[in-house]
Structure formats: structure tokens, C-alpha cells
Amino acid sequence: MATPSTSTASSVWQRPWVRWAGPLLLVVVLAVMPLVLSEFANQTIARIGVYAVAVLGLNVVMGYTGQVSLGQIFFLGFGAYVTAYGVSNDWNIVLVFALACLAPAVAGLLVALAAARLGGLAIAMVTVALPIVGVPLAKRLSDFTGGSQGMSARFAEAPEGSGLYDDQWQLYIVLIIAGVVFLLTRNLVRGKYGRAFAIVKGNENVASSMGISPYRYKVLAFTIASLIGGVSGFLYMLVIQYTSPETMTFGHSISLLAAMVIGGAGSIVGSILGGAYYVLVPQLTNEVDPSLTALLQGALLLAVLFVLPGGLVSLPRALTRGRRRPRAGRGSAAPPTTPSSTTGSGTAAEEPETERQGHA
Amino acid sequence: MGKFVQLVVDGLSTGSVYGAIALAIVLVNQATGLINFAQGGMAVLSTYVAWWLTTHDVPLILAILVSILFSLALGAVVERWLMRRFERGDPDTAVVVTIGLLTLITGICGWLFTYNNQQFPSLFSLDTVSFLGVSISIRSIGTTVVIVVAMLLLQGLFVGTKLGLALRAVAINPQSAAFSGLPVGRLLMVGWGLAAALGAVAGALVAPQLTLTPGMLDSTLVYALAAVILGGLTSPIGVVVAAWIIGILENLAAVYVPFIGFDLKVAVPFILIFVVLIVRPQGLFGRKVVVRV
Amino acid sequence: MTLLELEDVTASYGPVQVLDGVSLSVPDNGAVGILGANGAGKTTTLRAISGTVRTGGRVVFDGKDIRGLRPDQVAALGIAHVPEGRGTLGDLTVRENLRVGAYLRKDGKEVDRDIDYCLDLFPNLQDRIRSNASALSGGEQQMLAVARAIMSKPRLLLLDEASLGLAPSTAKNVYDAIRRLRVESGIAMVVVEQNANLAFTLVDSATVLETGRTVLTGRSAELKGMDEIRRAYLGG
């Protein structure tokens, strides 16, 4: 038996109170943070929270289930518009929140039911239409959306007796809602649904042969992604208090996707990094030279895909692996919609390829 | 009646542009198994090259020819240096790479040529010609004819030349083709170059109408993808026909269906897809693709 | 004169090592068989020659070390590989398949003559000359695959499981044609074949592989006489 005087590092970390200490510390920091930071910092963090949720949603369908989607920003916009409309008509805020979640989810369900049928890259090809159709649609339905002018809605004012400033109150709400969404999603992807998603992502035919219907799980993943997108739209209205057709342009759609990949596809923490990237980096590049922003973003996305496919979140892992094994393994390029894929991309000389199968 | 014919002719013209991009996408897909979301962006970059030359007093036709040469090189370089790593891997990953490429190219265009609308000279006169009492735009006819000719030339290359045979062989089974000595890598570069060239032609033809901006073909990409879905990835003729149908129907819908109007025209292809998909998941012309585990 | 020499060749697919010391020698105009159970590494040995797998050891063709060359470069040197599964280009016609085989050649008229020769060698292909290769039967596809390979006028032909999936009479037809080819053109061959009886009708000598290593080499006549060979591969 182990002698009492030797306690290895691993056994210390396994003690329950140590495992709880980390998250507990995090909660304490998050609770205190809004009170000590400046208004600008709080607003920035709140915006990061909004987009972290949006990226998380995208991760569910793209990072975890491997389906490229260019439509996530549409669901954010949809949720924001629902929120704006509800608030402008003085609906109960809980009802507004529920609708902001459900309406985009229903839309996502419909889109997925059609697109997932096609297999292959159909979801990518169809979702590209969502922002492109969404913008003129938002302009057209001006009775609901305020047309090109957009809609404002202020509804997150700090309650009288709390002694909080608006920005602090808003950040708390964002942290709570985002926290819940992240927690629920984390449980989802670590549970049996997450495993099913991963199998569908890896090889659809293997999934079918295991009784896991790729179609059903793609639809499920996409619907969840849209729902989470709706939540992020609600938070968007809460923090930014204004939405317009500009919210869901094709350019933003690509930026969101890029943020997801750069932050880390298929990763909870990566989603947060993605949100941070989405909010902070354009601010930086705009200061350098606004016309360079798109170029830098494209270059950065490509750089990540080539050099660090797992995104920023995989940087620590990549660095330690690099130190342990100085010679990089050949054919170990991990595709970025997965940090660890079963369908690796080997070089042509290595793999026994027979006639290439068709991709739909 | 006159209006109807005009709309059909104009629809054929825009449909040809969609079809050119869609065909380029199919070409690239058959050779390398991935969907190039940057196909339109590459065409725009080539069109900017042509435009830049025209601002330096190069005659339009020459400028366009140079831009076609540029696009051949661009396609080859993109395949060799960017996409090759991702060709045999997960197609979803490859798509994300092409999205990155699209962003980069858009950024390059914006940085080099600004985001302002630039006027691109029209190859065809803006007059109309009267045919059976209906006035038809010369530009629409010209655009359609040029693109159809380009497609036919491409088809002739594929079916009638040794290079074309080699390209087809590589698309079907690259390793088996290599066993017969075909230089697979080089042929893939040629394939991508030809696809880019087709896009360049389309870009130069449609730029006068859309005005040249870095994002000029973003919507066109959407239409092209819709044509690919409807026509099926395995059928080049299918996607071209689908593109024409989309072009014509959206024009008709814009005028005859008040709810849709001009601003929501872009929804038409997707309504079409929704309807067709329910009946025929593999598209109008495509074959069911069998993937072995 | 040795046309092809394999010396202690190793090969792996990623981390999995499949060949662990294969040695083989093919004289000019010679035909060597590779025998062995499933998974012994027969197909991989051919791939080591044609450059489609990462290889260690020495692979010398006509005095030149060809290890590390790309498959199309190996083909350009005069080695034609007919892979397992045939690799016929399904969406192309029979004639187009043959033309692809002649891709590296510059002599147009000779190519046409050789197409005629192939059709003479494999008469079944005559009627199907304009059909898509995917419409051909298994036996016809095998014939087409061999015909395409010889269209490049190779010095060495690599045949992988030419009888796989074919009815015995069809397989015999294929081998008859290959035997005739060998006599008429003097092409050297390396023949991987599960059906050892069939292989011995074609090859002068054979090498037996077991888990990626050469365990036995000998002239056909000797091998056919050995009890172990008879029991393991010739049905007793």
C-alpha cells in the first residue's frame, strides 16, 4: 500500500475539493469581475460572451458534428429581431427569451430537414444562402424588423435597488445565460449525443452501420445550433441594444466561422476564444489599417488551418508535443473541423487507395 | 409577351454566368473532390486584373485575355500550394480552407483596389435589338453566347484531346491514372486553371452590370451552388441547365410574383431546391453516389 | 541480366509495418510469381515497386534505384502496374482506357496498331470497344486493365491478383492471353496470385512471402514438387 509520506501530484489533483476548487475560483472571479472592471471592459466582455455563445452554437453543428454551416449568423440575427420585436411590444421578457430561442430553432429545423437529406456538403451549400437571403428579407419585412433602419431596444437596465450600473447588470445576465448554455452544451457533447455526433462526423457510413442515423443527428445538431444562435441573438440585443440587416451579412457569417476555427473547432473553451477573437481582433486590425482587415482575417484563417488545425485552444498541446517529439510525424495533419479525426489525410504514397469514392 | 421574352433572355444571360461558376465548381470537384467556395472570388480577382489593365489604356479584349491567362496561373497555384494538402482528406475541412481563401482574396482585392464600386467596360453594346417585335438586350445575348462557346470549347477539350482525356482519367481514379504515367499533380493544376479561366470569362462579362467590387460574385456563388445542388455534382450539363432555369425563373418571379420582387429574387433558387429535394434527393440530373465504408 | 532487384525491402502504411525484409529478383524477360497467404504482403510488394507505399531497402530497376519515385515517374521508366481491383477508368470507354495507357507515347500510328494488337489478344474487348468500362464484366475489365498496362510498352508488368473474382474459365483465358503476350513480346513480369496453380502456368520462378518476409524462393518446377507448397497453395 502507499506509504503515507508520499502523495503523488496526481492523487492531490484527484481529491474532490481540489477538482471543485478550479471551477469555484472561476465562479468567484466572474462574480466579482464586473464590479471591479471599467465600463468599457465590461461591455467588451459582454460582447465576447454574446459571440462566444454564437460560436458555441456553430461548434455544435460544425466542430462536433462536422457539418460546415454558413448560416449561424442568420440565427443570431433572427433571435435578435425576435427579441427586439417582443421588447418593443412590451411582451414579458421571459416569453421573449423563449421565443428568441424557439423561433430560430424551428427555422433551423426546417432548413436542416431539407439540407441534411442531400448529404455531403449540402448543408454548407444551402446555409450560405441564409445570410444572403436574410438581409433583403429583413429589409423587406419592415413591419416586423424596422426595415433597413433596424430596431433598437433597451431592456436591460439595472434594477433600482441593486446599486449596479447598467453595464454590470448586463454583464451578469450575459454571464449567467451564457454560463448555463455552455454548461448544458458541455454535458450534451460529453454524453451519448456528443459521441453520436462524433461518429457521424468521422464516417457517416460507419455511423449508419452502427444504427446511428447521420440524417437525424445532423438535423438535431443543426437545430441545437440554431437554438443556441437564437440565445446569442437575445444576448446581442441585450448588450448592443440595436439590430439591423447589417447584423447578419455574409461577411459576418464568414467571420463567425473563421472565429470558430481559429478559436478551436470542437472545443468548449475554443468557443470562448473564438468569441474573443471575433470581438477583439477586428478592433485591432482596424486600428492598423481598416482595408487590411479582411486580408488579415483570411490569412490568419488559412494560417491556422495549415499550422494549427485545432485552433488556438490546441496551442498548448501542440507546443508540448513539439517539445517532446522534435520530429513532426508525417501525415499527422489533423483536419480542423476535428482535432482528432478518424479520416486522416495521408499522403498519396502511403495509403492503399482504391478508386476514389464519390463525395456528394 | 414582349416583357416575358426579355425576361427570359436576360434570365438566360444571368443563368449563364451562374452556370459558368457552377461548372467551374463541378470541374474542380470531379478532379479533387472538394467544393471551392472561392470560385467566384477567384473570378473577381481575375476581373480586377482586367479592369486594372483597362485603366492603363489596354484594349478591353486584350485585358480580358490577359486576365484569363492570369486566372489559369491563379488556379494552378491555388491547387498546388494551397489545396493539395486537403484534397484527399475530409471535404468539410477543404471547404473551410476555400472559405479562408475567399476571405483572403476578397481582402486582397479590397486592399489593392479599394472597396468602392468600379466601373467595368462592357464588351457588348448596351443597345437592344428588335426581334419579332420584341426588344432584346444585346448584352444578354452576347453574354450567353460567349459563355456557351467557352463551355463548348471546354467540352471539346475534354472529349477530343489527349489532355482532356488525361484530365478525365485523373478525375476518375488518380492513382490508376498515375500507373499509366499520367502526372497527376500537374494535371490537377491544369484542371483548376481551366476552372478559374471559365470563372474569369464569366466575371468579365457580368462586371459591367453588377459593378466591380470585391464581393461582386458573392451572391452569384449562392446561385451557382444552388445550380450544383439541383443539377447534381456528377452532371456538368445538369448544372448548366439548372443554372439557366434558375436565372429565368428568378427573373420571372421578380416581375410576376409581387411578394418576391427584385430584392428577394435570391430566394427563388432555394425555394426550387426545397421543392426538388423532397422528390429527388440527388438533384435533377445527378446519379446516386455510392460510398463504400 | 537482372531487370528488377528487391533487396530487404520494408514498407509501412503509417505506423503499421507490412513488409519486413522482402527480396526478389526478376531477370530480363523473366516472370516471377509472389505467393503467400492473405495479408502476407504480396500486394504491398508490388506497391513498393510502383512507388505507392513508403519503402525502405533497395528497389533497383535496370540498374537504377527507383525507391521514392512517384508512381507516374516509375511508369515512365517502363513499369506498368495492374492493381488489385483492376483500376479501370469506369467512365471512359474501352478505347479511351487504352489511349490513357498510351499516354506517355508519342508515336500515334504505332499506338493505333497496338490497340489492334490488344483487341487481338483479348477478342472479348472488340465488341465493347465503345462501351464504358464500367459496363464490362469482371473478366473483361481484367483484360482491359492488362491491355491498358501493355499499351505503354512496358519492360516490366506488375500483375496483382489477375484471377480475383473471375470464374475459373475466364481466369484461364486471361492467363492464356498473358502467356501469349509474354511469348510474343518478352515483357518481364511479377505476378501476385492466390491461385498458385494458375501462377505456375506463367512464371519461371516464385517467391513465397509470410508476414512480410521472403521465406522461400525457387524455380517453379522445384516449388511445385515441394510438399509444403503443394499442401499450402496447390490443394495438396
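Residues numbered from 1 in each chain as written. Chains lettered and ligands numbered in written order. Predicted model: local features only at pLDDT ≥ 70, side-chain atom pairs only at ≥ 80, totals over all residues.

Undergrad: When you look at the overall build of chain C in this model, what are you seeing that I'm missing?
TA: Summing up its helical and strand segments, chain C has nine helices and ten strands in all. In terms of C-alpha radius of gyration, chain C reaches 17 Å, essentially the compact-globule figure of 18 Å for 236 residues. Overall size of chain C, expressed as C-alpha extent along the three principal axes, is 45 × 40 × 35 Å. Counting over 236 residues, chain C shows a buried share of 50%. If you take every contact in chain C between residues at least 6 apart in sequence, the share linking residues at least 24 apart comes to 68%. (Helix = DSSP H or I, 4+ residues; strand = E, 2+ residues; numbered from the N terminus. Rg over C-alpha atoms; globule rule 2.2 N^0.38 Å. Buried ≥ 20, exposed ≤ 12 C-beta atoms within 10 Å, placed from the backbone. Contact = placed C-beta atoms within 7 Å.)

Undergrad: Can you help me understand the interface of chain C and chain B in this one?
TA: How big an interface is tends to be stated in terms of the accessible area lost upon association of its parts. The interface of chain C with chain B comprises 22 residues on the first partner and 16 residues on the second. For the side of chain C that touches chain B, the secondary-structure elements that each account for two or more residues are α2 (71-76), β6 (79-82) and α3 (94-101) of chain C. Considering only residue class, the side of chain C that touches chain B consists of ten nonpolar, seven polar and five charged. (Nonpolar A, V, L, I, M, F, W, Y, C, P; charged D, E, K, R; others polar.)

Undergrad: Would you take a moment to explain helix α7 (residues 129-140) of chain A for this structure?
TA: In an α-helix, one full turn covers 3.6 residues, which means residues spaced three or four apart are oriented alike. With twelve residues, α7(A) should reach 16 Å at 1.5 Å per residue; the first-to-last C-alpha distance of 16 Å fits that figure. A large share of α7(A) lies buried, amounting to nine of its twelve residues. Considered for burial, the residues of α7(A) that qualify are A:Ala129, A:Leu130, A:Pro131, A:Ile132, A:Val133, A:Gly134, A:Val135, A:Leu137 and A:Ala138. The secondary structure elements touched by the buried residues of α7(A) are α4 (72-88), α6 (122-127), α8 (142-145) and α13 (250-264) of chain A together with α9 (218-231) and α11 (268-279) of chain B. (Expected span 1.5 Å × (residues − 1).)

Undergrad: Would you mind showing me how to read unusual backbone geometry here?
TA: Peptide bonds are trans in most cases, and residues, glycine excluded, mostly fall at negative phi. In the Ramachandran plot, A:Gln241 falls in the positive-phi region, its phi being about 65° despite a non-glycine side chain. You can see A:Gln241 is positioned in the loop between α12 (214-240) and β2 (242-243). Phi angles above zero are rare outside glycine, and C:Asn29 is one such case at about 65°. Within the element layout of this structure, C:Asn29 appears in the loop between β2 (16-27) and β3 (31-36).

Undergrad: Just to check I follow, could you spell out the packing of α9(B) against α11(B) for this structure?
TA: In helix packing, the relevant descriptors are the interaxial angle and the interaxial distance, both defined with respect to the helix axes. Residue and element names in this part refer to chain B. Two numbers describe how α9 lies on α11: the axes approach to 10 Å, and their chain directions differ by 15°. As summarised for this structure, α9 and α11 are arranged roughly parallel, according to the angle between their axes. Crossing hand, α9 versus α11: left-handed. From α9, Tyr223, Ala226, Ile229 and Leu230 reach across to α11, where they touch Pro269, Phe270, Leu272, Ile273 and Val276. Residues belonging to the contact of α9 with α11 are distributed by class as follows: nine nonpolar, no polar and no charged. (Axes fitted to C-alpha atoms, helices over the stretch in contact; angles between N-to-C directions. Parallel < 35°, antiparallel > 145°, perpendicular 65-115°, else oblique. Left-handed = near helix turned anticlockwise from the far one by under 90°.)

Undergrad: Is there a simple way to think about the sheet that holds strand β9 (residues 205-210) of chain C in this case?
TA: The strands that make up a sheet are held in pairs by hydrogen bonds between backbone atoms, and each pair lies either parallel or antiparallel. All names here are of chain C. An order of β6-β7-β8-β3-β9-β10 is seen for the six strands of this open sheet, with the pairing classed as mixed. This sheet does not close on itself; its edge strands, each paired only once, are β6 and β10 (213-219). Averaged over all pairs of adjacent strands, the angle between their axes in this sheet comes to 15°, without regard to strand direction. The pairing of β3 with strand β8 (residues 188-192) spans four bridges and is classified as parallel. Note that in β8 the partner of isoleucine 34 across the bridge is valine 192. Against the sheet, helix α1 (residues 42-50) engages β3, β6, β7 (156-160), β8 and β9, with an angle of about 150° to β7. (Pairing = 2+ DSSP bridges.)

Undergrad: How do you make sense of the sheet that holds strand β4 (residues 54-61) of chain C when you look at a structure like this?
TA: Residue and element names in this part refer to chain C. With respect to topology, four strands assemble into an open sheet ordered β2-β1-β4-β5, the strand pairing being antiparallel. Each having just a single partner strand, β2 and β5 (64-65) make up the two edges of the open sheet. Of the strand pairs in this sheet, strand β1 (residues 2-13) and β2 are connected by nine bridges, and their pairing is antiparallel. Looking at β2, one finds that threonine 2 is bridged to proline 27. α1 rests against β1, β2 and β4 of the sheet, and its axis sits at about 70° to β2.

Undergrad: Help me understand the confidence of the model for chain C in this model?
TA: Reading fine detail from the predicted coordinates is not recommended where pLDDT is low. Considering every residue of chain C, the mean pLDDT works out to 89; 99% of them sit at 70 or more. Across the predicted assembly, pTM comes out at 0.85 and ipTM at 0.90. (pLDDT = per-residue confidence, 0-100.)

Undergrad: Teacher, can you tell me more about the nonpolar core here?
TA: Considering soluble globular proteins, one finds that nonpolar side chains tend to be buried as a cluster. Residues and elements named next belong to chain B. Grouped together as the largest cluster of nonpolar side chains are 292 residues, with contacts concentrated most on Ile21, Ala22, Leu198, Val201, Ala227, Val228 and Ile246. Ranked by the residues each element gives to this core, the list is headed by helix α8 (residues 184-210), at 17 residues. Other than its neighbours up to four places away in sequence, alanine 22 contacts Ala224, Ala227, Val228, Val239 and Ala243. (Core = buried A, V, L, I, M, F, W, Y, C linked by C-beta atoms within 7 Å.)

Undergrad: Can you walk me through the confidence of the model for chain A in this structure?
TA: Residues and elements named next belong to chain A. This prediction gives chain A a mean pLDDT of 80; 85% of its residues lie at or above 70. In the model of chain A, helix α1 (residues 9-14) stands out as the element of lowest mean pLDDT, 59, in contrast to α12, which has the highest, 93. For residues 1-5, every residue scores under 50 in pLDDT, and the model assigns this stretch zero contacts once sequence neighbours within four places are set aside. A low-confidence stretch, residues 326-360 stays under pLDDT 50, and its non-local contacts, those more than four residues away or across chains, total 86 contacts.

Undergrad: Explanation requested: the environment of A:Ile272 in the structure shown.
TA: Tracing the backbone through its elements, the reader meets A:Ile272 in helix α14 (residues 268-288). Sequence spacing of A:Ile272 and A:Thr247 is 25 residues, and the spatial spacing of their C-alpha atoms is 20 Å.

Undergrad: Mind showing me how you'd approach the packing of α13(A) against helix α15 (residues 293-307) of chain A here?
TA: Residues and elements named next belong to chain A. Where α13 contacts α15, the axes come no closer than 10 Å and their chain directions differ by 35°. As for the relative orientation of α13 and α15, their crossing is left-handed in sense. Residue-level contacts link Ser255, Ala258, Val261 and Ile262 of α13 to Gln297, Leu300, Leu301, Val304 and Leu305 of α15. The class makeup of the residues in the contact of α13 with α15 is seven nonpolar, two polar and no charged.

Undergrad: I'm lost on the environment of B:Ile99 in this one. Help?
TA: For B:Ile99, the location among the structural elements is in helix α4 (residues 91-113). Separated by 57 residues in the primary sequence, B:Ile99 and B:Gly156 place their C-alpha atoms 31 Å from one another. Ignoring anything within four residues of it in the chain, the contact list for B:Ile99 reads A:Ile254, A:Leu257 and B:Phe37.

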